[in-house]
Amino acid sequence: MIQIKQLTKTYGAKRALDGLDLTLGTGVTGLLGPNGAGKTTLLRCLATTLAPNGGSVDAFGLDPADRVQRTALRRRLGYLPQNPGSYPHFTAFDLVDYVAILKELTDRKHRHAEVRRVLAEVDLTDQAGTKVRKLSGGMRQRLALAQALLGEPDLLILDEPTVGLDPEQRMTFRALVSRLGESRIVVLSTHQTEDVAALCERVVVMRDGRAIFDGTPGELAAVADGRVWLSDAPPATSELFWRTADGRYRTLGARPPAADTVAPGVEDGYLMLLGEAA
Amino acid sequence: MSSWHIPDGLRERYLEGTLEPALAMSVDAHLGRCADCRAAVPHDKDWLEASWARLEAELITPHLSLSERLLRHGGVPDHLARLLSATPTMSRAWLASVVAVLAFAVLAARKQAEFLPAFLIVAPVLPLAGIALAYGPRVDPAYELVAATPMSGPRLLLTRATAVLAVAVVLAGLASPLLPAPPGLAAAWLLPALAAAAGCLAVSGRLPVPIAALAVAGVWLAIVGTGHFIGDWLAVFGPAPQIGYGVAAILLTYRFYRVSTR
């Protein structure tokens, strides 16, 4: 269990986190929000790579503000940063092996077995000997995910994990994360509402450093209940609308003339919520 | 697909391992194609998995850089060798140390008298360059990955700083006998070097490591400047200052330890 209380982080005059309260339990929680909403800042605070200015984080009874407890927490977390970086001269195996050493897996035989296990988890066994600089963007993203899985962490923090993955890889990723979420806390940020709908039991929508919604994907979709329409002509008002693949107009908000009501999706609820909060 | 299957007698000899190599390879090839014959070959699942794991361990292994190989040949444990040789900046720091010491050696051989002051002034801050490049967001391309691991922070900095210091001290120590000075004076850089390194580590909790290294280098230059100002630059390497450097090294190391474990 992770309890976040009144978490605040400022960068100069900008409040990236503004007194955020949140509780995270076992399962997959998705963070949605526009750029600058505070998602990455929150994940970095959870991953102990960034110290907040105020408030507290209690993760498994450990306080990251205390150095000893922070180290203990780092033994229990896996982190996929938004920009993981790498050493281009390393092979895929080397990079994960290096992070395994930093995670205190010093016994070579055990460590190498663990490295092979996580590479297999992300389907990179065949690329183990390939230099990182020669891997495609999707492969690098899977490699970064592999290092986060080392040691089967209790807390998995994934910042934009599906960036660069093709549709097939995204499906595989969803299956993997869903399985991981059965027994541990997984928190991920994404811009992809379909990822949230497909794999998150819970979604938190952030804006300006605060949580403006906390519920299930179904509840987020329900925010737009009765406010999603399909019509043959574009609405005359300045409602949010777009042209669909079949040539009709999908509108969020007030009903355009001669429009049919449509069951809302997660994206509809998210857009409606952001529109209301603006 | 062939209707031919491995006769019982041949299979038994294959399983016993008494077949001629060429015949055994033919049977291997057939087993690869024929599910019926494979099913007739008894196998131990655990043995197969263990064999595959051994094979995989042989095939999928880390690639070792030159510096990592050198460290391992030198008796450094494999995980430590990897920690020390991972970041390109660390290798460059070591390379810079080697080049600097070689430069000192060449200069010492050519311009002996003029060289001593330069060596004594520069040698103590030489390890600082390496320490500055040992750890931090500006020098480590995978810093964000590293920062969330239990080894990150002071532990990793201390490990790498110690390695840099050890290499720099050994190399500068090897250059010292080339100097046209009594052994005591030729080694006068050692305690200032230790104090400077400890100072850099002690300040690193409050400042980024490169800034801390610059600050400590500035303090050292101020000390040397004081010696020049009073008209005897060697005074800052005298017995009393040496005691001061030693005490400072101990206190600053203790300070770093306290900050690291707080």
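Residues numbered from 1 in each chain as written. Chains lettered and ligands numbered in written order. Predicted model: local features only at pLDDT ≥ 70, side-chain atom pairs only at ≥ 80, totals over all residues.

Turning our attention to the overall build of chain A. A tally of helices and strands in chain A yields nine helices and 13 strands. In terms of overall size, chain A behaves like a compact globule, its C-alpha atoms giving a radius of gyration of 21 Å where 278 residues would be expected to give roughly 19 Å. Considering only C-alpha atoms, chain A reaches an extent of 70 × 45 × 35 Å along its principal axes. Per-residue burial for chain A yields a buried fraction of 44% across its 278 residues. The long-range share in chain A, meaning contacts at least 24 apart out of those at least 6 apart in sequence, stands at 66%. (Helix = DSSP H or I, 4+ residues; strand = E, 2+ residues; numbered from the N terminus. Rg over C-alpha atoms; globule rule 2.2 N^0.38 Å. Buried ≥ 20, exposed ≤ 12 C-beta atoms within 10 Å, placed from the backbone. Contact = placed C-beta atoms within 7 Å.)

Sheet strands line up and pair through hydrogen bonds in the backbone, either parallel or antiparallel. Residues and elements named next belong to chain A. Reading across from one edge, β5-β6-β7-β3-β8-β9 is the order of the six strands in this open sheet, with mixed pairing throughout. Here the strands that pair on one side only, and so sit at the sheet edges, are β5 (77–80) and β9 (210–215). Sheet twist, expressed as the mean angle between neighbouring strand axes with direction ignored, is 15°. Where strand β3 (residues 27–32) and strand β7 (residues 185–189) come together, five bridges link them in parallel fashion. Within β7, the position partnered with Leu 31 by the bridge is Ser 189. Packed on one face of the sheet, helix α5 (residues 137–148) meets β5 and β6 (155–159) and runs near 165° to β5. (Pairing = 2+ DSSP bridges. Axes fitted to C-alpha atoms, helices over the stretch in contact; angles between N-to-C directions.)

Let's shift gears to the domain arrangement of chain A. The assigned domain composition of chain A is domain 1 (1–76 + 154–215), domain 2 (84–152) and domain 3 (221–277). Taken over C-alpha atoms, the centre of domain 2 of chain A sits 44 Å from the centre of domain 3 of chain A. (Domains from an automatic or database assignment.)

A few words now on the packing of helix α5 (residues 66–73) of chain B against helix α6 (residues 78–85) of chain B. Residues and elements named next belong to chain B. Contact geometry for α5 and α6: axes closest at 9 Å, N-to-C directions at 145°. For the element pair α5 and α6, the recorded crossing hand is right-handed. Here α5 contributes Ser 67, Glu 68, Leu 71 and Arg 72 to the contact with α6, which in turn contributes Asp 78, Ala 81, Arg 82, Leu 84 and Ser 85. Grouping the amino acids of the contact of α5 with α6 by side-chain chemistry returns three nonpolar, two polar and four charged. (Left-handed = near helix turned anticlockwise from the far one by under 90°. Nonpolar A, V, L, I, M, F, W, Y, C, P; charged D, E, K, R; others polar.)

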